[in-house]
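Residues per chain, in single letters:
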Amino acid sequence: MDIPRIFNITESAHRIHNPFTPDKLTTLGAALRLEPETRVLDLGSGSGEMLCTWARDHGINGTGIDMSQLFARQAKLRAVELGVADRVEFIHGDAAGHVADEKVGVAACVGATWIGGGVAGTIELLAKSLRTGGIILIGEPYWLQLPPTEDVAKGCRAGSISDFLLLPELLASFGSLGYDVVEMVLANQDGWDRYEAAKWLTMRRWLEANPDDDFAKEVRAELTSAAERYATYTREYLGWGVFALMPR
């Protein structure tokens, strides 16, 4: 069980697998007013930066689940590095359908709503693990401006324009599902640049170290097109944020 190899390569040096910088994770943790011993479930936990830093800074206890063998391994190492291995647990596995054994104060899926088949399904899944008065976190892209054509949407790595909403529409959609939006932290341009541009050096170094790998042709094609595509499409049209929700 693993994610597509291209992601394990391009994001192998990332600590945060979304367009958030460390200060944004800090802002989010503070905004949620996390209490010590709060239990946090993170579906699609990546390399564990959110749970590990919140365990260090706020004293939370957390469980993260991710399909990437590499990211799950990196998360465990990060927990040891930050001295919080006794507070957080990382599981290599499929988070789809996962429900916590014990109800949690924060149930999160930050940037991986495919786990539940989309935003609505992921919220429904997370709600099964949430205690009364708890908070759901959803990390999701949105359009900064509507792409003028479907080709532009696909340049942003969307399947179509309908895959994402404008920010006001996304916020309204949470209400239509029966949730209040109680906080949000949005990615900024620097966060997007750090998330996307950091992949390019990682790919170049990987190609230098693996010139005869059967996958090298695909990595080379991605590196050749990535910078121009990002500047033309994603940087202009796509936003991203984490939204805190509480059931009405």
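Every chain's residues receive numbers from 1 upward, in the order its sequence appears when written. Per-residue local features are limited, in this predicted model, to residues with pLDDT of at least 70; the limit for side-chain atom pairs, both in listing and counting, is 80 or more; totals at the level of whole chains, interfaces and linings are taken over all residues. Side-chain measures were taken over the full set of non-hydrogen atoms in the model, leaving aside hydrogen atoms and water.

## Concerning the overall build of the protein
Phase 1: Across its full length, the protein holds 9 helices and 7 strands.
Phase 2: Computation of the radius of gyration draws on C-alpha atoms alone. For the globule rule, the value is 2.2 Å times the number of residues to the power 0.38. Relative to its length of 248 residues, the protein is compact, with a C-alpha radius of gyration of 18 Å against a globular reference of 18 Å.
Phase 3: Whether a residue is buried, partly exposed or exposed follows from its accessible area with a 1.4 Å probe, protein chains only, as a fraction of its type maximum: under 20%, in between, or over 50%, in that order. For the protein, with 248 residues in total, the buried portion stands at 53%.
Phase 4: Long-range pairs, those at least 24 residues apart, make up 75% of the contacts in the protein between residues at least 6 apart in sequence.
Phase 5: Surface summary for the protein: the accessible area is close to 11700 Å², and the carbon and sulfur share equals 51%. Helix and strand labels come from DSSP, where a helix needs a run of H or I of at least four residues and a strand needs a run of E of at least two; each type is numbered from the N terminus. Contacts were defined at the residue level, with two residues in contact if any of their heavy atoms lie within 4.5 Å. Where accessible areas are quoted, they stem from the Shrake-Rupley method and a 1.4 Å probe; at the residue level, only the protein chains shown are allowed to cover.

## Let's talk about the side chain of Ser47
Phase 1: Along the chain, Ser47 falls in the loop between strand 1 (39-43) and helix 3 (49-58).
Phase 2: If sequence neighbours within four positions are ignored, Ser47 has contacts with His14, Arg15, His17, Phe71, Gln74, Ala75 and Arg78.

## Here's the deal with helix 7 (residues 167-176)
Phase 1: Buried within helix 7 we find Leu167, Leu170, Ser173, Phe174 and Gly175.
Phase 2: Contact partners of the buried residues in helix 7: helix 5 (119-127), strand 5 (130-143), strand 6 (179-186) and strand 7 (238-247).
Phase 3: Backbone geometry just after helix 7 places Gly178 at a positive phi near 95°.

## Some words on the pairing of strand 7
Phase 1: The buried count for strand 7 comes to 8 of 10 residues, which makes it a mostly enclosed element.
Phase 2: Here, strands pair whenever DSSP counts at least two bridges between them. Of the strand pairs in this sheet, strand 5 and strand 7 are connected by 8 bridges, and their pairing is antiparallel. Considered in strand 7, the bridge of Pro141 is made with Trp240.
Phase 3: Examined bridge by bridge, strand 6 and strand 7 share 7 bridges and lie antiparallel to one another. If you follow Glu183 over to strand 7, its bridge partner there is Ala244.

## A look at the packing of helix 8 (residues 189-209) against helix 9 (residues 216-237)
When two helices pack together, you describe them by how their axes are tilted relative to each other and by the distance separating the axes.
Phase 1: Angles here are taken between N-to-C directions and fall from 0 to 180 degrees, while the axes themselves are lines fitted to C-alpha atoms, restricted in helices to the stretch in contact. Interhelical geometry of helix 8 versus helix 9 gives an angle of 160° and a closest axis separation of 9 Å. As far as their axial angle goes, helix 9 and helix 8 are roughly antiparallel. The two elements helix 8 and helix 9 cross, and the hand of that crossing is left-handed. Side by side, helix 8 and helix 9 meet where Gln189, Trp192, Asp193, Glu196, Trp200, Met203, Arg204, Trp206 and Leu207 of the first sit next to Ala216, Val219, Arg220, Glu222, Leu223, Ala226, Ala227, Tyr230, Thr234 and Arg235 of the second.
Phase 2: Classification used: nonpolar for Ala, Val, Leu, Ile, Met, Phe, Trp, Tyr, Cys and Pro, charged for Asp, Glu, Lys and Arg, polar for all others including Gly. Grouping the constituent residues of the contact of helix 8 with helix 9 by class yields 11 nonpolar, 2 polar and 6 charged. The scheme is simple: roughly parallel for angles under 35 degrees, roughly antiparallel for over 145, roughly perpendicular for 65 to 115, oblique for anything else. Note: crossing handedness is left-handed where the near helix turns anticlockwise from the far helix by less than a right angle, and right-handed where it turns clockwise.

## What to know about the pattern of salt bridges
Phase 1: Salt bridges are identified by distance alone: a Lys or Arg side-chain nitrogen within 4 Å of an Asp or Glu carboxyl oxygen. Counted by the stated rule, this structure contains 15 salt bridges.
Phase 2: Residue Glu196 pairs with Lys199 through a salt bridge whose shortest N-O separation is 3.3 Å. Of this pair, Glu196 and Lys199 both sit in helix 8, 3 residues apart, which is roughly one turn of that helix.
Phase 3: Take Glu196: its relative accessible area is 15%, and that puts it in the buried class.
Phase 4: Connected through salt bridges with shared partners, the residues Arg15, Glu49, Arg78 and Glu81 form a single ionic network.

## A look at the environment of Arg229
Phase 1: You can see Arg229 is positioned in helix 9.
Phase 2: By relative accessible area, which is 18% here, Arg229 ends up buried.
Phase 3: Each C-alpha atom of the pair Arg229 and Cys156 lies 7.9 Å from the other, and the pair is 73 residues apart in sequence.
Phase 4: Apart from residues no more than four positions distant in its own chain, Arg229 is found in contact with Gly155, Arg157, Glu222 and Thr234.

## Regarding the sheet that holds strand 3 (residues 88-92)
Phase 1: Spatially, 7 strands are ordered 3-2-1-4-5-7-6 in an open sheet, and the strand pairing comes out mixed. Taken across any chain shown, the strands that pair with only one partner, and hence form the sheet edges, are strand 3 and strand 6. Each strand axis lies, on average, 20° off the axis of its neighbour in the sheet, ignoring direction.
Phase 2: Lying over the sheet, helix 3 contacts strand 1, strand 2 (61-66), strand 3, strand 4 (104-110) and strand 5, oriented at roughly 170° with respect to strand 3.
Phase 3: Sitting on the sheet, helix 4 (residues 69-81) touches strand 2 and strand 3, and the angle it makes with strand 3 is about 165°.

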